[in-house]
Amino acid sequence: MKPAAPATKEQRIMAFLHERVFDPVLMSPTAPERLKQGIRQTIVRLRQRDAAGMIHFFWSAIIGTERSTRFAALMREAGFDRFEETIDDFRAQFT
């Protein structure tokens, strides 16, 4: 039996980000611990927001704050997809 789809927009956003960005890092035996910790902190920050806040957070990460730019570079160096690689699918699903 197929698991039920997430019910709320917040759940759908988090499911998308877990599948595309977060889980590949968290489940990787080779991902740097600094990167895993950053992903965990990002998850905590996102869970504190409603759907509109999550979407704003995503676009802020794409635009590039000082913190998000450094973190995106770390993800790229480690060979993982960043928010930037999901932009088209994210836009189609959530905006």
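Asker: What exactly am I supposed to notice about the layout of surface pockets here?
Answerer: Take a probe with the size of a water molecule and roll it over the atoms, and the empty space left behind shows itself. Empty space within the largest pocket amounts to approximately 500 Å³. Lining of the largest pocket is provided by 22 residues; of these, T42, R45, R67, S68 and F71 occupy positions nearest its centre. For the lining of the largest pocket, the secondary-structure elements that each account for two or more residues are α2 (33-47), α3 (51-63) and α4 (66-78). For the lining of the largest pocket, the class distribution of residues is nine nonpolar, seven polar and six charged.

Asker: How should I be thinking about the environment of R40 in this particular structure?
Answerer: With respect to the element layout, R40 can be found in helix α2. We classify R40 as partly exposed; its relative accessible area is 34%. For the pair R40 and F22, spaced 18 residues apart in the sequence, the C-alpha separation amounts to 8.3 Å. Once residues lying within four places of it in the same chain are set aside, the contact partners of R40 are L26 and E33.

Asker: What am I meant to see in the packing of helix α1 (residues 9-26) against α2 here?
Answerer: In a packed pair of helices, the relevant descriptors are the angle between the two axes and the axis-to-axis distance. Interhelical geometry of α1 versus α2 gives an angle of 160° and a closest axis separation of 9 Å. In terms of orientation, α1 and α2 fall into the roughly antiparallel class. Every pair of crossing elements has a handedness; the one defined by α1 and α2 is left-handed. In contact with M14, L17, H18, F22, V25 and L26 of α1, α2 contributes L35, K36, I39, R40, T42, I43, L46 and R47. Among the residues making up the contact of α1 with α2, the classes are represented as nine nonpolar, two polar and three charged.

Asker: How do you make sense of the nonpolar core when you look at a structure like this?
Answerer: Most often, soluble globular proteins keep nonpolar side chains buried together rather than apart. Grouped together as the largest cluster of nonpolar side chains are 24 residues, with contacts concentrated most on I13, L17, F22 and F83. By residue number, the principal contributor to this core is α1, which donates seven residues. With sequence-adjacent residues up to four places away left out, F22 is seen in contact with M14, L17, I39, T42, I43, L46 and F83.

Asker: How should α3 be read in this particular structure?
Answerer: Given 3.6 residues per turn, any residue in an α-helix points the same way as the ones three and four places further on. With 13 residues, α3 extends 18 Å between its outermost C-alpha atoms, agreeing within 8% with the 18 Å of an ideal straight helix rising 1.5 Å per residue. Taken together, the buried positions of α3 are A51, G53, M54, I55, F57, F58 and A61. On its buried face, α3 is in contact with α1, α2, α4 and α5 (87-94). Once α3 ends, the next one or two residues include G64, with phi positive near 100°.

Conventions adopted
- Residues numbered from 1 in each chain as written.
- Predicted model: local features only at pLDDT ≥ 70, side-chain atom pairs only at ≥ 80, totals over all residues.
- Heavy atoms only, no water.
- 1 Å grid on protein atoms, 1.4 Å probe; cavity = no way out; pocket = protein on both sides within 12 Å on 5 of 7 lines; lining within 4 Å.
- Points joined across faces, edges and corners; volume = space filled by probe spheres on them.
- Helix = DSSP H or I, 4+ residues; strand = E, 2+ residues; numbered from the N terminus.
- Nonpolar A, V, L, I, M, F, W, Y, C, P; charged D, E, K, R; others polar.
- Buried < 20%, exposed > 50% of the residue type's maximum accessible area, 1.4 Å probe, protein only.
- Contact = heavy atoms within 4.5 Å.
- Axes fitted to C-alpha atoms, helices over the stretch in contact; angles between N-to-C directions.
- Parallel < 35°, antiparallel > 145°, perpendicular 65-115°, else oblique.
- Left-handed = near helix turned anticlockwise from the far one by under 90°.
- Core = buried A, V, L, I, M, F, W, Y, C linked by side-chain atoms within 4.5 Å.
- Expected span 1.5 Å × (residues − 1).

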